[in-house]
Amino acid sequence: GNSVTQMEGPVTLSEEAFLTINCTYTATGYPSLFWYVQYPGEGLQLLLKATKADDKGSNKGFEATYRKETTSFHLEKGSVQVSDSAVYFCALSDRQSNYQLIWGAGTKLIIKP
Amino acid sequence: GAGVSQSPSNKVTEKGKDVELRCDPISGHTALYWYRQSLGQGLEFLIYFQGNSAPDKSGLPSDRFSAERTGGSVSTLTIQRTQQEDSAVYLCASSLGGKGRDEAFFGQGTRLTVV
């Protein structure tokens, strides 16, 4: 079945550091890929998405590229801020699973000033 | 409405009691999903509605769990004879057409604690 694996946290970085959170997936079809973010005390919200191979999703300085050859969708940001501290979830959806979101375990990101 | 609304935001119940969790999706969204977020389990899918029908109930963990949706809008998740392992945050999401490319909008969740 479909699954998502993302790097375990917590990930602790200093402000202005470069961020990578790895995400790989297993899917039988052609899924859409998502990164969701959950800020402390808030609900899940979509950060970015990509719906086909080689698409790049971007938002708020974050980027992720849909790599079919490596089945990956790594999240990157060039210079993180304290306000980026949150839990980040990689997820996929496809027609075979009625477009339900299949989630990675989540990665807690802590940015220190 | 402006966003997905869930109620109550917090619920503490005694083991063995029944609970109802409510979700008001964004107006016009035909797809509605329930997920559960618990410590050590991450996020797990429970049930999916397209309109009022539930083509995928595969995530419901036991027959104590049921859900319905009326008028293509409000959904209620019912847990009967609650157990301590039911303690979790229950999340509802809606999307425009349930076609995967559509963004799923999440509510703030209902934190259920079974004591």
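Just above sits the structure.
This is a predicted model, so every value here is computed, not measured.

Quick notes on the rules
- Residues numbered from 1 in each chain as written.
- Chains lettered and ligands numbered in written order.
- Predicted model: local features only at pLDDT ≥ 70, side-chain atom pairs only at ≥ 80, totals over all residues.
- Heavy atoms only, no water.
- Helix = DSSP H or I, 4+ residues; strand = E, 2+ residues; numbered from the N terminus.
- Rg over C-alpha atoms; globule rule 2.2 N^0.38 Å.
- Buried < 20%, exposed > 50% of the residue type's maximum accessible area, 1.4 Å probe, protein only.
- Disulfide = S-S within 2.5 Å.
- Contact = heavy atoms within 4.5 Å.
- Buried area = accessible area lost by both parts, 1.4 Å probe.
- Salt bridge = Lys/Arg side-chain N within 4 Å of Asp/Glu carboxyl O.
- Polar contact = N/O pair within 3.5 Å; in protein donor to acceptor, adjacent residues only side chain to side chain.

### Things to note about the overall build of chain A
Along chain A, the regular secondary structure elements total 0 helices and 12 strands. For chain A, the sequential pattern of α-helices and β-strands runs β-β-β-β-β-β-β-β-β-β-β-β. The C-alpha radius of gyration computed for chain A amounts to 14 Å, which stays within 12% of the reference 13 Å derived for 113 residues, consistent with globular compactness. Overall size of chain A, expressed as C-alpha extent along the three principal axes, is 45 × 25 × 20 Å. When the 113 residues of chain A are sorted by exposure, 50% land in the buried category.

### Digging into the state of the cysteines
Cysteine pairs can be covalently joined through their sulfur atoms, and such a bond is termed a disulfide. Summed over the entire model, instances satisfying the criterion amount to 2 disulfides over all chains. Covalent S-S linkage joins A:Cys23 and A:Cys90, the inter-sulfur distance amounting to 1.9 Å. The chirality of the disulfide connecting A:Cys23 with A:Cys90 is left-handed, given an S-S dihedral of about -70°. One end of the pair, A:Cys23, is in strand E4 (residues 23-26); the other, A:Cys90, is in strand E10 (residues 86-93), with 67 residues separating them in the sequence. What pairs with B:Cys23 in a disulfide is B:Cys92, and their sulfur atoms sit 1.9 Å apart. On the sign convention where negative is left-handed, the bridge of B:Cys23 and B:Cys92, at about -65° about the S-S bond, is left-handed. Placement of B:Cys23 in strand E3 (residues 19-24) and of B:Cys92 in strand E9 (residues 88-95) is noted, with a sequence separation of 69 residues between them. Take B:Cys23: its relative accessible area is 0%, and that puts it in the buried class.

### Re the interface of chain A and chain B
Chain A puts 18 residues into the contact, and the matching count from chain B is 20 residues. Interface of chain A and chain B: buried area, both sides summed, is about 1,600 Å²; carbon and sulfur atoms make up 53% of it. Of all residues in chain A, A:Asn98, A:Tyr99 and A:Gln100 give up the largest surface area on contact with chain B, accounting jointly for 32% of the area buried on that side. Inspection of the region where chain A meets chain B yields 0 salt bridges. Taken together, chain A and chain B are joined by 5 residue pairs in polar contact (both at pLDDT 80 or more).

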